[in-house]
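Spelled out, the chains give:
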Amino acid sequence: MTFREAARRVVEEGIAPSMSHQRISQLARDDQDFPPVQKIGRSNVVDWTIAKTYFLAHAQRAASRDSRRRSTGAEGHDGTPGET
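As the structure is a computational prediction, the values presented were derived from the model and not from experiment. (Residues numbered from 1 in each chain as written. Predicted model: local features only at pLDDT ≥ 70, side-chain atom pairs only at ≥ 80, totals over all residues. Heavy atoms only, no water.)

### Focus on the confidence of the model for the protein chain
Spelled out, the test is: You can read pLDDT as the predictor saying how much it trusts each residue, on a scale of 0 to 100. Two residues qualify as a contact provided that any one of their heavy atoms is within 4.5 Å of a heavy atom in the partner residue.
On average, residues of the protein chain score 84 in pLDDT, and 79% of them reach the 70 mark or higher. Taken as a whole, residues 69–80 scores under 50 in pLDDT and shows two contacts with residues more than four places along the chain or in a different chain.

Structure (structure tokens):
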């Protein structure tokens, strides 16, 4: 499927809250673990059965990075302005 359709499916299937075909292009270019890409006409396409596994793993890694940042940033701070 095209990168645009893959981005739509990532969101539709709840794998990630948002995804764009531009981000998928970036991942395909920069991530050596990205599934094989074929060119059909002017479109880049990827096999969804392989790509879905990749996006699930990618989403898990992203979620773990986010939770570490939240827990690190929230320690010792109650969010009240002017207090530490």
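### Thoughts on the pattern of salt bridges
Selection criterion: Each reported salt bridge corresponds to a side-chain nitrogen of Lys or Arg within 4 Å of a carboxyl oxygen of Asp or Glu. Where helices and strands are cited, they refer to DSSP runs of H or I of at least four residues and of E of at least two residues respectively, numbered from the N terminus. Note on exposure labels: buried denotes an accessible area under 20% of the residue type's maximum, exposed denotes more than 50%, and partly exposed covers the range between, all computed with a 1.4 Å probe on protein chains only.
A full pass over the atoms with the stated rule returns five salt bridges. Its salt-bridge partner being Lys 52, residue Glu 13 comes within 3.0 Å of it at the nearest N-O pair. Of this pair, Glu 13 sits in the loop between helix 1 (3–12) and helix 2 (21–30) while Lys 52 sits in helix 3 (residues 48–74), and the two are 39 residues apart along the sequence. The exposure class of Glu 13 is partly exposed, given its relative accessible area of 35%. Taking the shortest distance from any N to any O, the salt bridge between Asp 30 and Arg 29 comes out at 3.1 Å. As far as the burial class goes, Asp 30 and Arg 29 line up, both exposed.

### Some points on the nonpolar core
Applied cut-off: We call a set of buried residues a nonpolar core when its members are Ala, Val, Leu, Ile, Met, Phe, Trp, Tyr or Cys and they connect through side-chain atoms within 4.5 Å of each other.
The biggest cluster of nonpolar side chains holds 14 residues, and the ones touching the most others in it are Val 10, Ile 24, Phe 34, Trp 48 and Phe 55. For this core, the secondary-structure elements that each account for two or more residues are helix 1, helix 2 and helix 3. Once you skip the residues sitting within four places of it in the chain, Ile 24 turns out to touch Phe 3, Ala 6, Ala 7, Met 19, Phe 34 and Phe 55.

### Here's the deal with the pairing of strand 2 (residues 43–46)
Put simply, the rule is: Strand pairing is defined by DSSP finding a minimum of two bridges between the two strands.
As defined by bridge partners, strand 1 (residues 37–40) adjoins strand 2 across four bridges and the pair is classed as antiparallel. Bridge pairing in strand 2 links Val 37 to Val 46. Hairpin connection between strand 1 and strand 2: a loop of two residues separates the two successive antiparallel strands, and Gly 41 in this loop has a positive phi of roughly 65°.

### Quick word on the environment of Val 37
Relative to the elements of secondary structure, Val 37 occurs in strand 1. C-alpha of Val 37 to C-alpha of Asp 47: the two residues are ten residues apart in sequence and 8.0 Å apart in space. Those residues in contact with Val 37, other than ones at most four positions away along the chain, are Phe 3, Ala 28, Asn 44 and Val 45.

### Thoughts on the packing of aromatic side chains
Here is the rule: Each aromatic pair joins two rings of Phe, Tyr and Trp (for Trp, the six-membered one) with centres within 6.5 Å, and gets the label stacked for planes under 30 degrees apart, edge-to-face for over 60, and tilted for any other angle.
Applying the stated criterion across every chain yields a total of five aromatic pairs. Arranged with centres 6.1 Å apart and planes meeting at 80°, the rings of Phe 34 and Phe 55 form a pair that is edge-to-face. You can see Phe 34 sitting in the loop between helix 2 and strand 1 and its partner Phe 55 sitting in helix 3, a full 21 residues away along the chain. Comparing Phe 34 with Phe 55 shows no difference in burial state: the two are buried. Between Tyr 54 and Phe 55, the aromatic rings sit 5.3 Å apart at their centres with planes inclined by 75°, giving edge-to-face as the arrangement.

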